[in-house]
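# Tertiary structure, described
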Amino acid sequence: MIDETTPPRVDSEVGPLRAVLLHRPGNELKRLTPRNNDQLLFDSIPWVDRAQEEHDAFAEVLRGRGVEVLLLADALRTALGDTRAHAAGVHAAVDERRLGPDLADSLRSHLSSVSPAVLAEVLMAGMTFEELPAAEGASLVRLMNHPNDFAVDPLPNLLFTRDSSAWIGNRVAVSSLTMPARVRETAVLDLIYAYHPWFRHAARAYGAHSAPIEGGDVMLLSPGVLAIGVGERTTAAGAESLARSVFADGIAHTVLAVPIQQTRATMHLDTVCTMVAADAVVMYPLSADSLTAFTMRPTDDGSVKVEGPAPFLTAAAEAMGIDRLRVIDTGLDPVTAEREQWDDGNNTLALAPGVVVGYERNVETNARLTEAGIEVLAITGSELGSGRGGPRCMSCPIRRESI
């Protein structure tokens, strides 16, 4: 059971992890087909039963290290027990521009009468036109869509809970997600953080309807110091908006905006590097020398001062107040490094300083981490990784102890 008496707080990437939000793969993954998997941002069709087994094993590794696990589906069902949340959930599910006013009204009426569990399933797994309530009249929209087309889109990327929200200090930033397949995840997380008993009084660090920013690009290098990747998913406007928000709230004093390539392989900053200790990162070697950073700090008059660009590793160490940031390379040679970066070798989840979870298939990277004194808890991820995400992507830390 989650300890609801201890408020959420996360000040770093590596402080001992005590509570985390995960999403166990569900029926939304069964909606993926060769016809829609690209649109829904998956590189292949996952074997869902195996993905669930792999995720269960991941969750057990965390529990075995004293981490409380809150499952997103459970949290959503609990939140929807509030009548206000239920009404908001119905509103989030129904897109009148897609369905037209008559069919939208019919679906709203139907969903308003279902249980929190049923509404949660629709919000996560979607609904096809075939699954809509029986028609009361003619609908061109219903007639012109294939029965297996989606009236409500599924959200298979809910698996990657880091992207849709991130805790910064005692505040939560609900992401403004970029890709059309993920936009509605914002509404799901908004419901959870607004109506689940544990989060009901949680303050927000960022407006979910502001410029695009995703949690996979947000890295808490140390208390008060953030790095934000700017690339395929997070815009410069999003990074600046989040910086202004955390400065105004007094939960950060320095934000580094880090340009990254706008490619599928480097969609977020955490596909390039993650922290494995208070002074160490595992990083794709081709990025170590090329990554730069613009440093943002608040000024006395309430504006933001921007400096740079400077080498990322130099700017990060300076902001963190340390001599240097140790770098552990992904892979051993350029080919292995590229393969293991693609397989989320950089995307580790720190359970404590010097203890991380990583995919077992990244043999060379895990070996290099071990040689550097980092304990690697290796998990299987052959099916979980089909959406391009590793242990960090699949976890939203809710509470960490201070280092």
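Residues numbered from 1 in each chain as written. Predicted model: local features only at pLDDT ≥ 70, side-chain atom pairs only at ≥ 80, totals over all residues. Heavy atoms only, no water.

An unreviewed UniProt entry lists the protein chain under the name Arginine deiminase, with Amycolatopsis thailandensis given as the organism. Under the UniProt heading Subcellular location (unreviewed entry), the note attached to the protein chain is "Cytoplasm". Looking at the protein chain in UniProt, the text filed under Sequence similarities (unreviewed entry) is "Belongs to the arginine deiminase family." (UniProt positions renumbered as here; feature names shortened; annotations may be inferred.)

Check the secondary structure of the protein chain and you find 14 helices and 19 strands. Against the globule reference of 22 Å for 403 residues, the protein chain gives a C-alpha radius of gyration of 21 Å, in line with a compact fold. Here the protein chain, with 403 residues, has 57% of them falling under the buried criterion. Long-range pairs, those at least 24 residues apart, make up 72% of the contacts in the protein chain with a sequence separation of at least 6. (Helix = DSSP H or I, 4+ residues; strand = E, 2+ residues; numbered from the N terminus. Rg over C-alpha atoms; globule rule 2.2 N^0.38 Å. Buried < 20%, exposed > 50% of the residue type's maximum accessible area, 1.4 Å probe, protein only. Contact = heavy atoms within 4.5 Å.)

Within the fold, D11 resides in the segment before β1 (17-22). Along the chain, D11 and E401 lie 390 residues apart, while their C-alpha atoms are 8.1 Å from each other.

With that out of the way, let us pick up the packing of helix α2 (residues 72-79) against helix α9 (residues 185-195). The geometry of α2 relative to α9 is characterised by a closest axis approach of 9 Å and an angle of 65° between their N-to-C directions. Here α2 and α9 pass one another in a crossing that is left-handed. On α9, the residues touching L72, A75, L76 and A79 of α2 are V188, L189, L191, I192 and Y195. (Axes fitted to C-alpha atoms, helices over the stretch in contact; angles between N-to-C directions. Left-handed = near helix turned anticlockwise from the far one by under 90°.)

Glancing now at the packing of helix α3 (residues 83-93) against α9. Relative orientation of the contacting elements α3 and α9 amounts to 175°, with a least axis distance of 10 Å. Taken together, the axis directions place α3 and α9 in an arrangement best described as roughly antiparallel. Facing R84, A85, A88, G89 and A92 of α3, the residues of α9 in contact are A187, L191 and Y195. Residue composition of the contact of α3 with α9, grouped by class: six nonpolar, one polar and one charged. (Parallel < 35°, antiparallel > 145°, perpendicular 65-115°, else oblique. Nonpolar A, V, L, I, M, F, W, Y, C, P; charged D, E, K, R; others polar.)

A few words now on the packing of aromatic side chains. Applying the stated rule across the entire model yields four aromatic pairs. A connected cluster of aromatic rings, assembled from ring pairs, spans W167, Y193, W198 and F199. (Phe/Tyr/Trp six-rings, centres within 6.5 Å; stacked < 30°, edge-to-face > 60°.)

Attention now goes to the UniProt feature "active site" (unreviewed entry) in the protein chain. Within this numbering scheme, the UniProt entry marks C393 as carrying the feature "active site" (unreviewed entry). Its location among the elements puts C393 in the loop between β18 (375-379) and β19 (396-400). Looking at C393, the relative accessible area reads 2%, which means it is buried. Not counting residues within four places of it along the chain, the set of residues in contact with C393 comprises L159, F160, T161, R162, D270 and N347.

To continue, consider the sheet that holds strand β10 (residues 254-259). Ordered by their spatial adjacency, five strands build an open sheet running β8-β9-β10-β13-β14, and the pairing between neighbours is mixed. A strand with exactly one partner marks an edge of an open sheet, and here the two such strands are β8 (218-222) and β14 (304-311). Averaged over all adjacent pairs, the angle separating strand axes in this sheet is 25°, with direction ignored. When strand β9 (residues 225-230) meets β10, the two strands line up parallel, connected through six bridges. Paired with V230 across the strands is P259, a residue of β10. Helix α12 (residues 312-320) rests against β8, β9, β10, β13 (292-298) and β14 of the sheet, and its axis sits at about 30° to β13. (Pairing = 2+ DSSP bridges.)

With that settled, the discussion passes to the sheet that holds strand β16 (residues 349-352). Spatially, three strands are ordered β16-β17-β18 in an open sheet, and the strand pairing comes out mixed. The open sheet has two edge strands with one neighbour each: β16 and β18. Between one strand axis and the next, the sheet turns through 30° on average, direction left out of account. In this structure, strand β17 (residues 355-359) lies alongside β18, joined through five bridges in parallel fashion.

Considering the arrangement of structural elements, one finds S164 in helix α8 (residues 161-164). Side-chain polar atoms of S164 contact the backbone oxygen of T161, separated by 3.4 Å. Dropping the residues within four chain positions of it, S164 is found in contact with A173, V174, S175, L177, E185 and L189. (Polar contact = N/O pair within 3.5 Å; in protein donor to acceptor, adjacent residues only side chain to side chain.)

Quick look at a nonpolar patch on the surface now. On the surface, L140, L143 and M144 cluster together into a nonpolar patch covering about 400 Å² of accessible area. Following the sequence through the fold, L140 ends up in helix α7 (residues 140-144). Owing to a relative accessible area of 59%, L140 belongs among the exposed residues under this scheme. (Patch = residues over 30% accessible without salt bridge, like charges linked within 9 Å, V, L, I, M, F, W, Y side chains within 5 Å. Areas by Shrake-Rupley, 256 points an atom, 1.4 Å probe, with all protein chains shown as cover. Salt bridge = Lys/Arg side-chain N within 4 Å of Asp/Glu carboxyl O.)

This part is about unusual backbone geometry. A cis amide bond, omega 10°, links G308 with the succeeding residue P309. Checked against the element boundaries, P309 lands in strand β14.

Ranked by internal contacts, the top residues of the largest apolar core, which has 66 residues, are L76, L111, I168, V188, Y193 and L242. Ranked by residue count, the leading element in this core is α9, at six residues. Dropping the residues within four chain positions of it, L76 is found in contact with A120, L123, M124, V188, L191 and I192. (Core = buried A, V, L, I, M, F, W, Y, C linked by side-chain atoms within 4.5 Å.)

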